[in-house]
Amino acid sequence: MRKALLVHVGMHNGIHPFICHFCNKSFTQKVGLEKHMYIHTGTRRYQCDLCGKGFIHLKSYQIHKMIHSGERHIKCEVCSLALLSKSHLKQHMRVHTGERPHECEVCGKRFAKRSNLNAHKKK
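These numbers come from a predicted model, not from an experiment.

### A look at the packing of aromatic side chains
Moving on, step 1. Taken as a whole and assessed by the stated rule, the structure comprises two aromatic pairs.
Moving on, step 2. Seen from their ring centres, Y46 and Y61 are 6.0 Å apart, and the 15° between their planes marks the pair as stacked. With a gap of 15 residues between them, Y46 in strand β3 (residues 46-47) and Y61 in helix α3 (residues 58-69) connect regions that are remote in the sequence. Pair check on accessibility: Y46 and Y61 agree, each one buried.
Moving on, step 3. Centroid distance F55 to Y61: 6.1 Å. Interplanar angle 50°. Geometry classified as tilted. With respect to burial, F55 and Y61 carry one shared label: buried.

Here is the structure:
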């Protein structure tokens, strides 16, 4: 119990002793670093039995499975569009708010989606 308390206090004090040697991201717990390493190694721990797509994170896999089943648990309160997750709703809400948080550092043009900014940069 004492060790868990020390780790928890370390989170609040900014103590992150576990550091990724690929990207220097730091973590308060060893398990956080271990899970993070899947990003660099390409390890996909979860695989869809319907289409074979692999996922690093369980939550991403669970959301993906809803694509096949047609489940939509989250609804937009503005237009009633049904979405897969809270993160999809957050991104969708930019349609209604006009928010464009992703800015091109070259020309200043702003985008609602990071993927649209990335496509813009390739032009």
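We are not done yet, so read on.
### Here's the deal with the layout of surface pockets
Moving on, step 1. Within this model, the largest pocket holds a volume of roughly 170 Å³.
Moving on, step 2. Among the elements that take part in the lining of the largest pocket, helix α2 (residues 30-41) stands out by supplying five residues, more than any other.
Moving on, step 3. For the lining of the largest pocket, the class distribution of residues is six nonpolar, three polar and three charged.
Moving on, step 4. Here the lining of the largest pocket spans two domains, and each of domain 1 (1-41) and domain 2 (44-72) adds at least three residues to it.

### Thoughts on helix α4 (residues 86-97)
Moving on, step 1. The terminal C-alpha atoms of α4 lie 16 Å apart, and with twelve residues this matches the ideal 16 Å at 1.5 Å per residue to within 8%.
Moving on, step 2. Downstream of α4 by a residue or two, G98 has a phi angle that is positive, lying close to 80°.

### Here we look at the UniProt feature "domain: C2H2-type" (unreviewed entry) in the chain
Moving on, step 1. Following the UniProt record, the feature "domain: C2H2-type" (unreviewed entry) maps to residues 18-45, 46-73, 74-101 and 102-123 here.
Moving on, step 2. Split by type, residues 46-73 is 43% helix and 14% strand. Its first and last C-alpha atoms lie 22 Å apart.
Moving on, step 3. Taken end to end, residues 102-123 has its terminal C-alpha atoms 16 Å apart, with 41% of it in helix and 18% in strand.

Analysis parameters
Residues numbered from 1 in each chain as written. Predicted model: local features only at pLDDT ≥ 70, side-chain atom pairs only at ≥ 80, totals over all residues. Heavy atoms only, no water. Phe/Tyr/Trp six-rings, centres within 6.5 Å; stacked < 30°, edge-to-face > 60°. Helix = DSSP H or I, 4+ residues; strand = E, 2+ residues; numbered from the N terminus. Buried < 20%, exposed > 50% of the residue type's maximum accessible area, 1.4 Å probe, protein only. 1 Å grid on protein atoms, 1.4 Å probe; cavity = no way out; pocket = protein on both sides within 12 Å on 5 of 7 lines; lining within 4 Å. Points joined across faces, edges and corners; volume = space filled by probe spheres on them. Nonpolar A, V, L, I, M, F, W, Y, C, P; charged D, E, K, R; others polar. Domains from an automatic or database assignment. Expected span 1.5 Å × (residues − 1). UniProt positions renumbered as here; feature names shortened; annotations may be inferred.

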